[in-house]
Amino acid sequence: MNNPARDAAGTPRRAIDIVNASLKRRYARERRFRLLGATAVTLGMVFVVLLFADIILKGYTAFQQTYIQLPIELAVATIDPDGTRDPATLARADYMKLIREALRERFPDVTDRRDRRLLNSMISVGAPDLLRKRVMADPQLIGTTQELWILADDDIDMLVKGYIDRNAPVSDRRVGDQMIDWIDRLEAEGRVAKRFNTIFFTHGTSREPELAGIAGALMGSFYTLVLTFLLSFPIGVGAALYLEEFAPKNRWTDLIEVNVNNLAAVPSIVFGLLGLAVFIGFFGVPRSTPLVAALVMTLMTLPTIIIASRVALKSVPPSIREAALGVGASPLQTQFHHVLPLALPGILTGSIIGMARALGETAPLLMIGMIAFIVDIPKGFNDAATVLPVQIFLWADSPERGFVERTSAAIIVLLAFLFVMNLAAVLLRRRFERRW
């Protein structure tokens, strides 16, 4: 017989003591594992919260813009000397002259030419165009004096928002002491205010931060996503349906399945190179358009939609198919009338996730020219455009503080869209999912 186990003092140990000691070690290892897992999850959550907090703190101020209130005399002699109210005449008027005259009336002590030029620089270069649009929209304003809020320059905007240190040396500031004194005088009179930045949502990009907006990028993303969905959804669902329900099980279908799974892991920049070589180089599709972007995004999202659709089709019990075939339905009728409707919630969930990935992609779109500086808002699928992630990339490369906050604000908008799309996917799954 084997000798019983002994402890350090040589005393025999019972089997139950050995088991208890082993259990203690196992429980200790389990506690350590749980602690490591909880620590990893906590660190991950902390990093995510810090990232989001940094983005929000840098970007929320971009949703407000600084304006200066001035009594603008919309003189007939300057705007419409002929009195015809011809839109072409109104468009050619010198609206900057009206703004300068209003500034000089507020600061009559500024007489030096250099100081006047500095005074005029407080107003954005886009302010005359905004005033022009207002007058052309309501010609009845001509000949009157209106208290209007005029868009301030981005340096003034940064000063009012506190991003420029007033106590720093003049050489380290973009705004001098004299301009700070003028702004303080206007603020004391209640003529400086931060208002909701509608320009950020209604204008395209610009080289001036205060005039830069995401409307062009939003429309480019919208056209790209719509066309991507229209192309990838039917193709992806059709491919999944064929592979799961109709394709014979042989080496060729196995090869196709392996390649579909591999394509889901291919770096996105490869799809951009493919689009550049095939769609633009071979087929001649116009570059920098939502059309070519949608073609590239379709190739990239197809594997995700196919895999998700196949999983959704597999989740439908075989009894559904057997019952439909048993009452005389053809295989095609079985799939389209019974299996596909039941699998549709899972298919839509996978498709929305694929669209969310396409919305956040940047690398493949850089390869097909979506990095171009596009000021105009696209009106169709063939118009030159950019998308929101690429717009963020372009703004992030600018050193100006005004673009820093707009970069973070655009990231906030992009994250909001991604959150809504992922939330829609979760709600669809919970609302229509059936448990068998």
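Just so we're clear, the structure is a prediction, and the values are computed from it rather than from any experiment.

Here is what the cut-offs are and how they apply
Residues numbered from 1 in each chain as written. Predicted model: local features only at pLDDT ≥ 70, side-chain atom pairs only at ≥ 80, totals over all residues. Heavy atoms only, no water. Helix = DSSP H or I, 4+ residues; strand = E, 2+ residues; numbered from the N terminus. Rg over C-alpha atoms; globule rule 2.2 N^0.38 Å. Buried < 20%, exposed > 50% of the residue type's maximum accessible area, 1.4 Å probe, protein only. Contact = heavy atoms within 4.5 Å. Areas by Shrake-Rupley, 256 points an atom, 1.4 Å probe, with all protein chains shown as cover. Core = buried A, V, L, I, M, F, W, Y, C linked by side-chain atoms within 4.5 Å. Pairing = 2+ DSSP bridges. Axes fitted to C-alpha atoms, helices over the stretch in contact; angles between N-to-C directions. Salt bridge = Lys/Arg side-chain N within 4 Å of Asp/Glu carboxyl O.

**Digging into the overall build of the protein**
Okay, so step 1: Looking only at helices and strands, the protein has 18 helices and 3 strands in total.
Okay, so step 2: On C-alpha atoms alone, the protein measures out to a radius of gyration of 32 Å, which is more than a quarter above the 22 Å that the 2.2 N^0.38 rule sets for 436 residues.
Okay, so step 3: Overall size of the protein, expressed as C-alpha extent along the three principal axes, is 115 × 75 × 40 Å.
Okay, so step 4: Here the protein, with 436 residues, has 41% of them falling under the buried criterion.
Okay, so step 5: For the protein, long-range pairs separated by at least 24 residues make up 77% of all intrachain contacts whose partners lie at least 6 apart in sequence.
Okay, so step 6: Only carbon and sulfur atoms are counted for the fraction: they give 61% of the accessible area of the protein, which is about 23,900 Å².

**Overview of the nonpolar core**
Okay, so step 1: The biggest cluster of nonpolar side chains holds 38 residues, and the ones touching the most others in it are Phe-200, Ile-214, Leu-365, Ile-368, Leu-388, Trp-395 and Ala-410.
Okay, so step 2: For this core, the secondary-structure elements that each account for two or more residues are helix H10 (215-246), helix H12 (268-280), helix H13 (290-314), helix H15 (331-359), helix H17 (388-396) and helix H18 (401-432).
Okay, so step 3: In terms of residue count, the dominant contributor to this core is H18 (8 residues).
Okay, so step 4: In this structure, Ile-79, Ala-93, Ile-99 and Ile-180 belong to the second largest nonpolar core, which totals 37 residues.

**Examining the sheet that holds strand E2 (residues 145-151)**
Okay, so step 1: Taking strand neighbours across the sheet as the criterion, the 3 strands line up as E2-E1-E3 in an open arrangement whose pairing is antiparallel. Every interior strand has two partners, whereas the edge strands, E2 and strand E3 (192-196), have only one. Averaged over all neighbouring strand pairs, the angle between strand axes comes to 45°, with direction disregarded.
Okay, so step 2: Here 5 bridges tie strand E1 (residues 64-73) to E3, and the two strands are oriented antiparallel to one another. Paired with Gln-65 across the bridge in E3 is Arg-195.
Okay, so step 3: Packed on one face of the sheet, helix H4 (residues 95-106) meets E1 and E2 and runs near 85° to E1.

**Focus: unusual backbone geometry**
Okay, so step 1: Positioned with a positive phi, Arg-85 is a non-glycine residue whose angle comes to about 55°.
Okay, so step 2: As for its placement among the helices and strands, Arg-85 is situated in the loop between helix H2 (76-79) and helix H3 (87-92).
Okay, so step 3: Classification of Arg-85 as partly exposed rests on a relative accessible area of 36%.
Okay, so step 4: Of note in the backbone geometry, Ser-288 takes a positive phi value of approximately 60° without being a glycine.
Okay, so step 5: Considering the arrangement of structural elements, one finds Ser-288 in the loop between H12 and H13.
Okay, so step 6: Classification of Ser-288 as buried rests on a relative accessible area of 9%.

**Observations regarding the pattern of salt bridges**
Okay, so step 1: Summed over all chains, the structure comprises 21 salt bridges.
Okay, so step 2: Here Arg-114 ties to Asp-115 by a salt bridge, and the two come within 3.9 Å at their closest N and O atoms.
Okay, so step 3: The buried category is assigned to Asp-115, whose relative accessible area is 16%.
Okay, so step 4: For the salt bridge of Arg-191 with Glu-189, the shortest nitrogen-to-oxygen distance reads 3.6 Å.
Okay, so step 5: Taken together, the shared-partner salt bridges in this structure form one network comprising Arg-106, Glu-147, Glu-189 and Arg-191.

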